[in-house]
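What the coordinates show
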Amino acid sequence: MRIPLSNISMNGSETRAVGEACAAGLISGTGPAVREFEQLIGRRAARAHVVATGSGTLALEVLLLALGVGPGDEVIVPAWTFVAPAAAVRRVGAIPVLCDVDIDTWTVDPQAARSAITPATKAIIAVSLLGHAAKIDELLETGVAVIEDAAQAHGGTYMGRPSGSLGLASVFSFHANKSISTGEGGCVAMDDEDLAEQVRLIVNHGMTSARPYWHDVVGTNARMSNLAAAFGVAQAQRWTELTRGRQQVAARYRSELSSTSITHRPVADWVVEGSWIHVVRVADRDAVVDHLRRKGIDARPTWPALSELPAYRVFARSSCSVAAELSRSTLMLPTWAGMGVDVQSEVISELQSAAAR
Ligand SMILES: *Cc1c(COP(=O)(O)O)cnc(C)c1O
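Residues numbered from 1 in each chain as written. Predicted model: local features only at pLDDT ≥ 70, side-chain atom pairs only at ≥ 80, totals over all residues. Heavy atoms only, no water.

Brief notes about the environment of Asn11
Formally: Secondary structure is summarised from DSSP: a helix means a run of H or I of at least four residues, a strand means a run of E of at least two, and numbering begins at the N terminus for each. Pairs of N or O atoms within 3.5 Å make up the polar contacts considered here, provided that, within protein, one atom can donate a hydrogen while the other can accept it, and that residues adjacent in sequence are counted only when both atoms are side-chain atoms.
If you trace the backbone, Asn11 turns up in the segment before α1 (13–23). Measuring from C-alpha to C-alpha, the distance between Asn11 and Gln235 comes to 9.2 Å, with 224 residues separating the pair along the chain. A polar contact of 2.6 Å, which involves the side chain of Asn11, links it to the side chain of Ser13.

Written out as structure tokens, the structure is:
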């Protein structure tokens, strides 16, 4: 593909930071860059505690384990999202109860979430899908613990509060195509000190440096390496540049692609979208994607609804029709910080001609 879906923005500081970590021989999960990265993210997410992990999916898994979620428990997950939150719930042995999304935010429908609650419900994973926060206060009113999956929401806000700060705890992903990257990586961000201690224990084999090889709890190795964290420190220092860069690209898509055949996700007046990959809705989605791909543009259909996937459809107890409809009518457009105006213009004009057919 000539025009990729996403591109990592590096300015030399990442290479330098990784080189320094190598030169110092600090490459495993116990190096100082890990703590520095956690502190930088904690500041952005307005959280007292951050624990870095090897991926966003692992962050969800260790958070669920730390909350004591396991077999017999249920966790409410939106039926339309990248698969990770549902997979994480399965990986800890619990049931991901799929719940429909609402048409104005494309995030968990609070009404549907409320109806999905049973005595076994332990948490709701509110995915800030495509950078748009869910209706967090309505979800909190259910009394169930809310976890924010902010993997796609770096730089977004909900009622002035940053994504990553919402609910009992949040997770970020720092995969290469996310707005801030460590290559592969993630973190759990939270305010509760006891929860943070549990997460930290589980991430590191259930062990503390105070008493090596002693295990009060069963843990795993979900650590982020110091190499990845060094890269991440350099990226986190560019947080504003990298998140605004994507917001600018999204704003241009919104202003230049406005027709009856191409629509954008509505943005509630109580959020600032933390732009990640810009998604549009079109009538004949598959034909539009085919056209763009033939032109060398890596546009992609969005995720199928989880309620339609073999591995997850058994977990849908109610209709997820909005999720199904959005999954069939939306596509992802190339988006990255620093995307050139010429490159974006080409995507815009090819999209316009495909949608006009
Ligand atoms: C990317 C992503 C994750 C997990 O990310 P990895 O770091 O790739 O494991 C979790 N949730 C959502 C919504 C994502 O988009």
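Now that the structure has been shown, we can carry on.
A closer look at unusual backbone geometry
The following threshold applies: Only protein chains enter the accessibility calculation, which uses a 1.4 Å probe. A residue is then buried if its area is under 20% of the maximum for its type, exposed if over 50%, and partly exposed in between.
Of note, Ala46 is a non-glycine position whose phi angle comes to about 50 degrees, a positive value. Topologically, Ala46 is positioned in the loop between α2 (32–44) and β1 (49–53). Note on Ala46: relative accessible area 49%, which makes it partly exposed. Residue Met159 is not a glycine yet carries a positive backbone phi of 45 degrees. Of note, Met159 is situated in the loop between β6 (157–158) and β7 (161–162).

Details of the nonpolar core
Our working rule: The set of buried Ala, Val, Leu, Ile, Met, Phe, Trp, Tyr and Cys residues whose side-chain atoms join them within 4.5 Å is what this entry labels a nonpolar core.
The biggest cluster of nonpolar side chains holds 51 residues, and the ones touching the most others in it are Leu64, Val75, Trp80, Ile125, Val188, Met190 and Val199. For this core, the elements supplying multiple residues, two or more each, are α3 (56–66), β2 (74–78), α4 (84–91), β4 (121–127), β8 (169–173), β9 (186–190), α7 (193–203) and α11 (321–329). Broken down by element, this core gets its largest block of residues, six residues, from α3. In this structure, Ala17, Phe37, Ala52 and Val233 belong to the second largest nonpolar core, which totals 27 residues.

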